Amino acid sequence: MDGEGYGAWRSITAPDAVSLVFGFPYPESFPNEELVAAARAVFDEEGDVALQYTGGEYAGALADVVAEHARDRGVDCDPGDVVLTNGSTRAIDAVCRTFLEPGDGVFAEAPTFMGALNLFRGYDAAVTGLPTDADGLDVGALETELAARRAAGRPAPKLLYTIPTFQNPTGATMPLERRRRLLELAAEYDFVVLEDDAYGALRYDGDPVPPLKALDEEGRVVRVGTFSKTIAPGVRTGWVVAEGEIREQVERMNPGGTNTFTRGVLARYCREGHFERNVEAFRGEYERRRDRMLDALDAHMPPEATWTDPDGGFFVWVTLPEGLDSAALLPEAAEEGVLYLPGEHFYPDGGDERGERGLRLSFSYAAPDEIDRGIEGLARACQRVLDAR
Ligand SMILES: Cc1ncc(COP(=O)(O)O)c(C=O)c1O
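Treat the numbers as computed from the prediction; the structure is a model and nothing was measured. (Residues numbered from 1 in each chain as written. Predicted model: local features only at pLDDT ≥ 70, side-chain atom pairs only at ≥ 80, totals over all residues. Heavy atoms only, no water.)

Novice: Now, about the site of the ligand: what can you tell me, with residues and values included?
Specialist: What surrounds the ligand is a group of 14 residues, the closest being Ser88, Thr89, Tyr199, Thr226 and Ser228. Asn168 is positioned such that a nitrogen or oxygen atom in its side chain is 2.8 Å from an oxygen atom of the ligand. In the complex, 97% of the free accessible area of the ligand, which totals 400 Å², lies under the protein chains. Broken down by element, the residue count for the shell around the ligand peaks at 3 residues, all from helix α3 (residues 87-99). Residues belonging to the shell around the ligand are distributed by class as follows: 4 nonpolar, 6 polar and 4 charged. (Near = heavy atom within 4 Å. Polar contact = N/O pair within 3.5 Å; in protein donor to acceptor, adjacent residues only side chain to side chain. Areas by Shrake-Rupley, 256 points an atom, 1.4 Å probe, with all protein chains shown as cover. Helix = DSSP H or I, 4+ residues; strand = E, 2+ residues; numbered from the N terminus. Nonpolar A, V, L, I, M, F, W, Y, C, P; charged D, E, K, R; others polar.)

Rendered as structure tokens:
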């Protein structure tokens, strides 16, 4: 379920509780009618070829669509730089398979996307969590860590995994200067930057910041993306953008390719202009839901709690008042009618106090009135524990 693995929190069953757990798109966002029309057009125009191993022209056109979208974001991308995958989880996996040997170092934001952490663990990588703040990855701390490793004769990481725009789980976006510095460090210490841009198209406030791949002059950034948040997770279509040798190696690490029929349907859907139109509508709806959640947090949470203020994406990260533990609070929250993901799951090592006091809320799935109820329940659960102390 949303690529985020399994944890003890799954044993909590509260069927009537509001779920602020997963980064699922809200159900009404799914473009069923447009996808049905696109599928019909693919069958009508391409006949049996649409279901052949190779797919038809539409299937072949999806790499062009992905390259166009990348160029719209400032990335110098050719369709030949695109490897399509079954979702971006598979894209990250193919990149791991390309670069990682057991014991290799991976740096990642702490907290970060659980699904990626699970993949890194599966490759027996040595994952180091780097601190983050309201501007995402703390690139100063990265520099200190790299210098300390060099001084101690230890190798730099093979890979640095980052979600620089509307990060999962914090919602933070890395400003341009940090992005530039990160790439300078990647060149100086010779590591690959894996940029995961699952949410980049879903901006509600502020000015766009160029993707890392748009600033990459050395072919050192490998970019992964997905249609899960902008069309639907069920289409299981993501991609890697990389050049030359890296791109070829990633392709080899993605045997069997992807579902050509789905690719054809998505290319037709995008060519009809549905992608842009629908993403525009989703932006409006997600912005309303984000605002609803931030207003409810303001209105109800205990004064010592803090939370992030994302310009886009699906998530708000809450830091509970000192002494509260988000994992221990979950059963109380479930009783009060709300579920969330405790912070410890987003850290390679549990995250100590940051993981304990942190929790992720998703505003993408629950209806606005449920968001209100959920936050009221969370605030009551916090108050119950605070009052009992
Ligand atoms: C940052 C990030 N990357 C990747 C994914 C996985 O996306 P996909 O559905 O394409 O596998 C998610 C989904 O939750 C995500 O939040």
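There's more to say after this.
Novice: I'd love a proper account of the layout of surface pockets, names of residues and values included.
Specialist: One number sums up the size of the largest pocket: a volume of about 540 Å³. Along the wall of the largest pocket there are 25 residues; nearest its centre are His69, Arg73, Gly200, Ala201 and Phe275. Where the lining of the largest pocket is concerned, the elements lending two or more residues are α2 (57-72), β9 (221-226) and α10 (274-300). Per-element tally for the lining of the largest pocket: the top contributor is α10, with 5 residues. Composition of the lining of the largest pocket by domain shows at least three residues from each of domain 1 (14-30 + 276-387) and domain 2 (32-275). Here the second largest pocket defines a volume of roughly 440 Å³. Forming the walls of the second largest pocket are 22 residues, and the residues nearest its centre are Asp133, Ala134, Thr170, Thr308 and Trp317. Broken down by class, the residue content of the lining of the second largest pocket amounts to 9 nonpolar, 8 polar and 5 charged. (1 Å grid on protein atoms, 1.4 Å probe; cavity = no way out; pocket = protein on both sides within 12 Å on 5 of 7 lines; lining within 4 Å. Points joined across faces, edges and corners; volume = space filled by probe spheres on them. Domains from an automatic or database assignment.)

Novice: Lay out the sheet that holds strand β8 (residues 192-196) in plain terms, naming residues and giving numbers.
Specialist: The strand order across the open sheet formed by 7 strands is β2-β10-β9-β8-β7-β3-β4, and the pairing between neighbours is mixed. A single partner strand is all that each edge strand has here, and the edge strands are β2 (82-85) and β4 (126-130). On average, adjacent strands in this sheet sit at an angle of 20 degrees to one another, irrespective of strand direction. The pairing of strand β3 (residues 105-109) with strand β7 (residues 159-162) spans 3 bridges and is parallel. Bridged to Ala108 within β7 is Tyr161. The sheet contacts of helix α6 (residues 176-189) involve β7, β8 and β9, and relative to β8 the element is tilted by about 145 degrees. (Pairing = 2+ DSSP bridges. Axes fitted to C-alpha atoms, helices over the stretch in contact; angles between N-to-C directions. Contact = heavy atoms within 4.5 Å.)

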